[in-house]
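One-letter residues, chain by chain:
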Amino acid sequence: MSFWVAVLAAGVVSFLLKFAGYVVPAERLEEPRVRRVTAMLPAALLASLVVLQTFSTGRDLVLDARAAGLVVAVVALVCRAPFIVVVVLAAATAAGLRALGWG
Amino acid sequence: MTADAARSAVVRQGLSVAASTGLYGVSFGALSTTSGLSLWQTCVLSLLLFSGGSQFALIGVLGGGGTAGAAVAASSLLGVRNALYGLQLGPVMRPRGWRRVVVPQLTIDESTAVAVSQSTPPLRRLGFWVTGLGVYGFWNLATLVGALAGNALGDPKRYGLDAAAAASFIALLWPRLRAREPVAIAVVGALVTTLLVPVIPQGLPVVAAAVVGSVVAWCWK
């Protein structure tokens, strides 16, 4: 029973949080300085997500096969590889290293 | 690039992000049922909550014997960043009618990341829909498979899917790093995240990175 309460309550709170971001009127976001901030915000968000996905377990910083995957991805990006190739090479690198027993 | 080529590039991006993150639902389904949740509870969680980190946090607390209140609090802290994503996407998506419910529900790390990385508003909307619906489909299907098959398929890490997710985000960030300002803001975002991961609850480092990044952008020059 308490599991159902947790499942439903967490679902409702999650939706309300997602919804809240859309309540701010668009006009508020039209001011030039605010627009500069919203134009730059993705760089901060994406960089943060890269760090979280590559070097964190959520609670701790770690160095594992994902880091090698990221290095390969950057090399592929420098070589102008298409998006899907970058992603597949990174996955193959991490999977290969783990098959060999690291990370 | 022609308009069609640009559109299919966005679709390919969205689908590869959707496949690599959606398949993680297998781990979630397997872990959720071993944590003591029923098949129904597991599937409802993926359909309703639909935010990977928050779902893992919820079943982590419940499986460890925590109260429903503690579980909801942990999962909600992780969801705070989604409010920030809505703020980013609001002016682009301008959801009306039934979209006022569907667009927020599909607002997660991946759909936001693909959307904000595109060069024009129509491509941003396309990126959002392809990625959001793609992840939703894969994630819920994979949750069901994981809950039914248990751990028979093994850890998605074995296939490097976690590295695929990391690579997706760097590939989305890469084209933005052409001028000094976004590079500086990306470096600040990465640093803030690295420093805060061990210190503050999960889900908040990305919010902190966004806040500090915004202050830097606000004060630039």
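For every chain, the first residue of the written sequence is number 1, and numbering continues from 1 along that sequence. Note on labels: chains are lettered from A, ligands numbered from 1, in written order. Totals for whole chains, interfaces and linings use every residue, but because this is a predicted model, local features are given only for residues with pLDDT of at least 70 and side-chain atom pairs only at 80 or more, for both listing and counting. Where side-chain values are given, they derive from all heavy atoms of the structure, hydrogens and water being excluded.

Another point: the layout of surface pockets. A pocket here means an open set of points on a 1 Å grid, computed over the protein atoms alone, that has protein on both sides within 12 Å along at least five of seven lines. A cavity is instead a set of points where a 1.4 Å probe fits but cannot get out; residues with an atom within 4 Å of a point line either one. Grid points are joined across faces, edges and corners, and a volume is the space filled by probe spheres set on the points. Size it by volume and the largest pocket reaches roughly 1,400 Å³. What lines the largest pocket is a set of 43 residues, among which T57(A), G52(B), G53(B), F56(B) and Q202(B) lie closest to the centre. Contributions of two or more residues to the lining of the largest pocket are made by helix 2 (32-55) of chain A together with helix 1 (3-22), helix 2 (25-34), helix 4 (52-63), helix 5 (68-93), helix 7 (109-116), helix 8 (121-149) and helix 9 (161-173) of chain B. Counting residues per element, the lining of the largest pocket draws most heavily on helix 4 of chain B, at seven residues. When grouped by side-chain class, the residues that make up the lining of the largest pocket number 21 nonpolar, 13 polar and nine charged. For the lining of the largest pocket, the domains that each give at least three residues are domain 1 (3-165) and domain 2 (177-221) of chain B. The computed volume of the second largest pocket comes to approximately 730 Å³. Along the walls of the second largest pocket sit 22 residues, with F83(A), M1(B), Q13(B), A171(B) and P175(B) positioned nearest its centre. Each helix corresponds to a stretch of at least 4 residues labelled H or I by DSSP, and each strand to a stretch of at least 2 residues labelled E; elements are numbered beginning at the N terminus. Those elements giving two or more residues to the lining of the second largest pocket turn out to be helix 4 (83-99) of chain A together with helix 1 and helix 9 of chain B. In this classification, the charged set is Asp, Glu, Lys and Arg, the nonpolar set is Ala, Val, Leu, Ile, Met, Phe, Trp, Tyr, Cys and Pro, and all remaining amino acids, among them Gly, are polar. Segmentation into domains, and thus their bounds, comes from an automatic or database assignment.

Once that is clear, we can look at the confidence of the model for chain B. Summarising the model, chain B shows a mean pLDDT of 92, and 99% of its residues fall at 70 or more. For this predicted complex, the interface confidence score (ipTM) comes to 0.91, while the overall pTM stands at 0.89. pLDDT expresses how confident the predictor is about each individual residue, on a scale running from 0 to 100.

Residues and elements named next belong to chain B. With domains assigned, chain B is organised as domain 1 (3-165) and domain 2 (177-221). A C-alpha centroid distance of 23 Å is found between domain 1 and domain 2. Each partner contributes residues to the interface: domain 1 has six residues there, and domain 2 has seven residues. Note: buried area is the sum, over both parts, of the accessible area (probe 1.4 Å) each one loses when the two are combined. Of the roughly 540 Å² buried between domain 1 and domain 2, counting both surfaces, carbon and sulfur atoms make up 84%. Only heavy atoms matter for contacts: two residues are in contact if any of them lie within 4.5 Å across the pair.

Taken together, the contact between chain B and chain A spans 85 residues of the former and 63 residues of the latter. Where chain B abuts chain A, roughly 6,500 Å² becomes buried across the two surfaces, and 74% of that area is made up of carbon and sulfur atoms. Between Lys or Arg on one side and Asp or Glu on the other, a salt bridge is scored when a side-chain nitrogen of the former is within 4 Å of a carboxyl oxygen of the latter. The interface formed by chain B and chain A includes two salt bridges. Measuring nitrogen to oxygen at the nearest pair gives 3.7 Å for the salt bridge that ties E181(B) to R36(A). Pairs of N or O atoms are called polar contacts if they sit within 3.5 Å, as long as, within protein, a hydrogen donor faces a hydrogen acceptor (for residues adjacent in sequence, only side-chain-to-side-chain pairs). Linking chain B with chain A are 13 residue pairs in polar contact (both at pLDDT 80 or more). Counting residues per element, the side of chain B that touches chain A draws most heavily on helix 5 of chain B, at 17 residues. In the side of chain B that touches chain A, the residues fall into 54 nonpolar, 23 polar and eight charged.

Further remarks concern helix 9 of chain B. Take the residue count of a helix, subtract one, and multiply by 1.5 Å to get its expected span. The end-to-end C-alpha separation of helix 9 of chain B is 19 Å, in line with the 18 Å expected for 13 residues at 1.5 Å each. Buried means the residue's accessible area, taken with a 1.4 Å probe over protein chains only, is under 20% of the maximum for its type, while exposed means over 50%, and partly exposed covers the values in between. Buried residues dominate helix 9 of chain B, accounting for 13 of its 13 residues.

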